[in-house]
Amino acid sequence: MELSHDILNISSALSTWWWLLLGLMFLFYIALDGADLGAGIFALFSKDEDERGAIMASMAGFWDGNETWLVVAGGVLFGAFPVVYGSAFNYLMIPLMLALWAIIMRAVAFEFHIHARSSRKIWGWFFALGSLIATFFAGVALGATLQGFPMASGLAIGGVDSGNYTTPVLHFSGTAMHWLSPFSLWTGVGAVIAAGLAGGLYLCARFVPGDVIHERAKTWTSIFSLLALAAIVVTIVWSYAIFPWAAAKWTGPYWYIWAGWLLLTLSFAYKSMTNHSSGHDFTALLWGEAVVVSLWAAMWASMYPYIVPNTWTIEAAANPANSLAVFTLFMTGFVPVMIMYNWYQIWVFRGRFTKKSVYGGH
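Everything numeric here is computed off the predicted structure, so don't read it as measured data.

Enquirer: Any chance you could break down the environment of Pro305 for me, citing the residues and the numbers?
Expert: Positionally, Pro305 belongs in the loop between α11 (281–303) and β3 (306–308). Sequence separation between Pro305 and Glu315 is 10 residues, and the spatial gap between their C-alpha atoms is 8.4 Å. Setting aside chain neighbours within four positions, we find Pro305 in contact with Thr313 and Ile314.

Enquirer: Explain the pattern of salt bridges residue by residue, including any values.
Expert: Under the criterion given, the structure shown has four salt bridges. One salt bridge connects Glu51 with Arg216, and the closest N-O pair in it is separated by 2.1 Å. Of this pair, Glu51 sits in helix α2 (residues 49–58) while Arg216 is found in helix α8 (residues 212–242), placing the two residues 165 residues apart along the sequence.

Enquirer: How would you explain the environment of Ile193 if you had to name every residue and give the values?
Expert: Secondary-structure assignment places Ile193 in helix α7 (residues 182–206). Along the backbone, Ile193 and Ser225 are 32 residues apart, and their C-alpha atoms lie at a distance of 8.8 Å. Other than its neighbours up to four places away in sequence, Ile193 contacts Phe224, Leu227, Ala228 and Ala231.

Enquirer: Quick one: what's the story with the packing of aromatic side chains, residue by residue and with numbers?
Expert: To describe a pair of aromatic rings, one takes the distance between the centres and the angle between the planes. Considering all chains together, one arrives at 25 aromatic pairs under this definition. An angle of 80° between the planes, with centres 5.1 Å apart, marks the rings of Phe136 and Phe137 as edge-to-face. Ring pairs connect the aromatic residues Trp19, Phe26, Trp296, Trp300 and Tyr304, which therefore count as one cluster. We note Arg52 situated over the ring of Trp125; from NZ or CZ to the ring centre the distance is 4.6 Å.

Enquirer: Could you give an account of the environment of Asn9, naming the residues involved and the relevant values?
Expert: Among the structural elements, Asn9 can be located in helix α1 (residues 2–43). By relative accessible area, which is 40% here, Asn9 ends up partly exposed.

Enquirer: Give a detailed account of the nonpolar core, specifying residues and quantitative values.
Expert: Residues Phe81, Val84 and Ile307 are the most contacted members of the largest nonpolar core, which totals 49 residues. Among the elements that take part in this core, α1 stands out by supplying nine residues, more than any other. Apart from the residues lying within four places of it in its own chain, the contact partners of Val84 are Leu77, Phe149, Ile307, Val308, Trp312 and Ala317. Counting 38 residues, the second largest nonpolar core, distinct from the first, contains Met59, Trp186, Val192 and Ala231.

The rules we used
- Residues numbered from 1 in each chain as written.
- Predicted model: local features only at pLDDT ≥ 70, side-chain atom pairs only at ≥ 80, totals over all residues.
- Heavy atoms only, no water.
- Helix = DSSP H or I, 4+ residues; strand = E, 2+ residues; numbered from the N terminus.
- Contact = heavy atoms within 4.5 Å.
- Salt bridge = Lys/Arg side-chain N within 4 Å of Asp/Glu carboxyl O.
- Phe/Tyr/Trp six-rings, centres within 6.5 Å; stacked < 30°, edge-to-face > 60°.
- Lys NZ or Arg CZ within 6 Å of the ring centre and 35° of its normal.
- Buried < 20%, exposed > 50% of the residue type's maximum accessible area, 1.4 Å probe, protein only.
- Core = buried A, V, L, I, M, F, W, Y, C linked by side-chain atoms within 4.5 Å.

This is the structure we're talking about:
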């Protein structure tokens, strides 16, 4: 009896550990690649192909490193929470497929744009459109996940030597378009706004003041800062209205913690906007990333103890304790290694550019 209790404790601790790491990996992807995607969205409105090439060249040293966090997050989901992984690719097949195709389109555009001559403009548009489509449908998938997966319990029949037995098996019970809702479409729009702001802050920090890209990105960022604040308010109010699990926490006994969290997030946004207006571009980018960290952490904490709201708790979705133990032993060490090489890439390619200095690089 005591052994069984210890195993349950270990399983609970390991599943929570991987839930935290999963949230961290998604956060790294959103914070790092979100700026790249936002710069790509900005490139949709570039005035010439040299400008799009300069934007692509500015991220050439680390964009692919940023995207590895998404790959690893998918691996963690598969290894630690396989039932969520399998159901997600049923429920979210269409938005995830479109997002992945757009990411592939964007990656191919990076490679072909630098070598192309007559088709260079096509690859530039593929880069920009891929950034927009990937961001929008990733946001749609997030909104659909927050609404929960449509699952039903069926019976699986098997045989054990002397006879048959039946076991309940959860299976996806929705339709191909079940993910589509006004809220999921809104989170797609919200993702585009958030990425647009991150991309503008990134370009301001990446190009020297006075450069044509820097000046256009500065105006862009000022507009998107206001759009982002409005989007935050709309999302919080809408979430409070439709998600009882969120409303119960935000207005529960510890409401003051959530209120303080919101005020802290708004203070980060204020610091980003004031630093941006005063020309402290890199500091503004860091405060902008602090807003992303705060909002993502708040969402992840609001979902606890669920990994998919109203569908699975962390423990219910996790692999058995022995599988999680092996997974933990072999995979946890990769996280600090990835953080170090991402930091090293950013440090090596940290210089600022002008449109003229890098347009030929892509």
